Structures are given as structure tokens and as C-alpha cells.
Amino acid sequence: EKQVFQLRAHMYQARSLFAADSSGLSDPFARVFFISQSQCTEVLNETLCPTWDQLLVFDNVELYGEAHEMRDDPPIIVIEIYDQDTVGKADFMGRTFAKPVVKMSDEHYCPPRFPPQLEYYQIYRGNSTAGDLLAAFELLQIGPGGKSDLPPIDGPTDVDRGPILPVPLGIRPVLSKYRVEVIALEHQILMFSVVWGKRAYQMSALQGSVCTGCTGREAAAALKERGTGSLLADLPENELLHPPLNIRVVDCRAFGRYTLVGSHAVSSLRKFIYRPPDKKAQHWNMTG
């Protein structure tokens, strides 16, 4: 028996991808395969932790079988990560697999199954791990009423992104403002910058540079006289969803050339988070 579905692939972020370019970074995008259809996210330049924040919608997906079988054992989704090159074809970076959460037309779109929550999927390149994908997938049956009976897509509108749909509210993480501060020793020979997205900020070139990459947005902070730099960033309130901090050390050569010296990834920022003291608790301790 033929059943018609709509697949929604909520592609939020990848993390800890390997560096495919000589710069120590990559220009990653994801391609999602389901049955006979495939779609791609946008390409994010020069990052190892791309935040695509993109919803891919697969319409008119035809499946054959019993309804209960499709709900309990849906087809597998294949997700491949590529590095976009300016010349030639894209380079394969890794692959992962996922199964969508299935909603039949006679079921309600409500907790605890819906909306689906973002999950980490391990990315593999051959037998080696090659990062993680943070995403969610849902397969919605189209009933007799057509697509009008499907749950609406409630998401923030970003006119700058054109036709690209962001991950809807209720699935995307709740973000809060964080200020990232970095203190560098031996900063007299360094230029410090933070890679945080799409725009590049130029710094005064000294003898070297340290580039810190995090999520998919770009910002930059020059070292002050005492060797400190800071920037504001939107990060998920859930600390488990914080992206790693990727640090690159680059040697500045003549004629604007840069050579990668080395890199390091701080996988978790949890131990570096400043938590202000609880003034109420202190007050109770003093009065006690």
C-alpha cells in the first residue's frame, strides 16, 4: 500500500570536523539523501563547526508498506559532509545515518514525541570518527486533507537568508549572550582573531596570529595591551550543545601569505564558564 510523506531534516550544526584545507579549516556543507531525493545545505566558509541552522523539506515522499511498519521501522536517512572547493568537485569529509521520528496522519503532533529534539550523530570517514552532526529528522504522513493538515513550520524569519528556512522554534536551541575572553601569553608576537561565522575581520598584522573558531559565525577581537581579547557570542543555554573552541596558530609571511603552524580544539567550555555567586545564598549565610 502506498503512503505519502513529507520529510523534514532539521540541520542545525556539525562540530569537530577535520581540516580539509591547508588553512586548517574547511568549507563544509551537508547533503541529505532519503529514498530517491537529496538536498544540500548552504556552504559555510572557513569553519570546523558550521552552524547551518537550516530546514530541508522533502515533499511527496512515496513509501510502500503497512502503516505500523513505517512508523516503527522507517527508512534510513544518509547524511554526507563535503568540503566545497573553488576548483574541482567537493571533497568527501564523512558520513552518518539517522532514522526519522514518524507521525502518521491520525496521530497528534504533541509531546513527548513531537517536536523532535536535536541529537548528536557520529560522523565516520571510513573506520575513523570525523566529527558529530547535531540534527533532528521527522517523517510526517500526508493524509486525505493534503499538506494543509501538516503541522506548521514555526521559525524565525531572516530576510537576509532568502529562501533558506531556519530550524523551527521548539527544535532550535534557546540562545543566550556569552562573552568569550581570551588571555594570550607572549602576545607581543601575536595577532589574535576569532573566527565566528561568515564575515572576516582584518587585524593589524604582527609576527603571528592565533585564530579561534567556534560555531558558524565570525567575529574578531584584537589583543589589548595586556594580551586579552573578548567577543560577544550567541550560544545555546544548554551547555551540552556548546560547540568546541578551535584554536589555530598561523605564521604571517611576506606579501600577505599565512602558513598554518598548528591547531588545538577545546572540546568543552563548561569548566571555563563563569557563574556569578548567589547573593541570596550569601545573605542567608551571613544572617544565619
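Criteria and cut-off values
- Residues numbered from 1 in each chain as written.
- Predicted model: local features only at pLDDT ≥ 70, side-chain atom pairs only at ≥ 80, totals over all residues.
- Heavy atoms only, no water.
- Helix = DSSP H or I, 4+ residues; strand = E, 2+ residues; numbered from the N terminus.
- Buried < 20%, exposed > 50% of the residue type's maximum accessible area, 1.4 Å probe, protein only.
- Areas by Shrake-Rupley, 256 points an atom, 1.4 Å probe, with all protein chains shown as cover.
- Salt bridge = Lys/Arg side-chain N within 4 Å of Asp/Glu carboxyl O.
- Core = buried A, V, L, I, M, F, W, Y, C linked by side-chain atoms within 4.5 Å.
- Polar contact = N/O pair within 3.5 Å; in protein donor to acceptor, adjacent residues only side chain to side chain.
- Contact = heavy atoms within 4.5 Å.
- Pairing = 2+ DSSP bridges.
- pLDDT = per-residue confidence, 0-100.
- Phe/Tyr/Trp six-rings, centres within 6.5 Å; stacked < 30°, edge-to-face > 60°.

Description of the overall build of the chain
The secondary structure content of the chain amounts to two helices and 15 strands. Burial statistics for the chain: of 288 residues in total, 44% are counted as buried. As presented, the chain carries roughly 16,500 Å² of accessible surface, and 52% of it is formed by carbon and sulfur atoms.

Some remarks on the pattern of salt bridges
Scanning all chains against the criterion turns up nine salt bridges. Measuring nitrogen to oxygen at the nearest pair gives 3.5 Å for the salt bridge that ties K147 to D59. You can see K147 sitting in the loop between β9 (128-141) and β10 (175-183) and its partner D59 sitting in strand β4 (residues 54-64), a full 88 residues away along the chain. Among the residues examined, K147 registers a relative accessible area of 40% and is labelled partly exposed.

What to know about the nonpolar core
Across soluble globular proteins, nonpolar side chains show a tendency to be buried alongside one another. Counting 30 residues, the largest nonpolar core has F5, M11, V32, I79, I81, L133 and F137 as its most contacted members. Those elements that place two or more of their residues in this core are β1 (2-15), β2 (28-34), β4, β5 (77-83), β6 (91-98), β8 (119-125) and β9.

With respect to the side chain of Q6
Position of Q6 relative to the elements: it lies in strand β1. A distance of 2.7 Å separates a polar atom in the side chain of Q6 from a polar atom in the side chain of R8. There is a polar contact of 2.7 Å between the side chain of Q6 and the side chain of D59. Excluding residues within four positions of it along the chain, Q6 makes contact with V57, F58, D59, E138, L139, L140, I142 and L150.

Description of the pairing of β2
Of all the seven residues making up β2, five are buried; the element is thus mostly covered by neighbouring parts of the structure. For β2 and strand β3 (residues 37-40), the ladder comprises four bridges, and the chain directions are antiparallel. Paired with F34 across the strands is Q37, a residue of β3. Between β2 and the antiparallel strand that follows it, β3, lie two residues; I35 among them carries a positive phi value of about 55°.

Focus on unusual backbone geometry
That bond from P111 to P112 is cis: its omega, 10°, falls within 30 degrees of zero. One can find P112 in the loop between β7 (101-103) and β8. Here the bond from F114 into P115 is cis, since omega is -10°, no more than 30 degrees from zero. Examined against the element boundaries, P115 turns out to sit in the loop between β7 and β8. Unusually for a residue other than glycine, S16 sits at a positive phi of about 60°.

Section: the confidence of the model for the chain
Mean pLDDT over the chain: 80, with 76% of residues reaching 70 or higher. Segment residues 187-226 is flagged for pLDDT under 50; beyond a separation of four residues in sequence, or across chains, it makes 118 contacts in the model.

Quick look at the side chain of Q54
Checked against the element boundaries, Q54 lands in strand β4. At 3.0 Å, the side chain of Q54 and the backbone nitrogen of E42 are in polar contact.

Focus on the environment of L7
With respect to the helices, strands and loops of the structure, L7 is situated in strand β1. Beyond its immediate chain neighbours, meaning those up to four positions away, L7 contacts F34, L56, V57, F58, V61, I77, P100, E138 and L139.

Some details on the packing of aromatic side chains
The tally for this structure, following the rule as stated, stands at four aromatic pairs. Residues Y82 and F92 carry aromatic rings whose centres are separated by 5.8 Å and whose planes lie at 70° to one another, so their mutual orientation is edge-to-face. Within this pair, whereas Y82 is found in strand β5, its partner F92 is found in strand β6, the two being separated by ten residues in sequence. Given the relative accessible area of 28%, F92 is considered partly exposed. Members of the aromatic cluster, connected to one another through ring pairs, are F29, Y82 and F92.

With respect to the environment of A30
Position of A30 relative to the elements: it lies in strand β2. Sequence separation between A30 and E80 is 50 residues; the distance between their C-alpha atoms is 5.7 Å. Those residues within four positions of A30 in sequence are excluded, and the remaining contacts are M11, Q39, C40, T41, W52, I79, E80 and I81.

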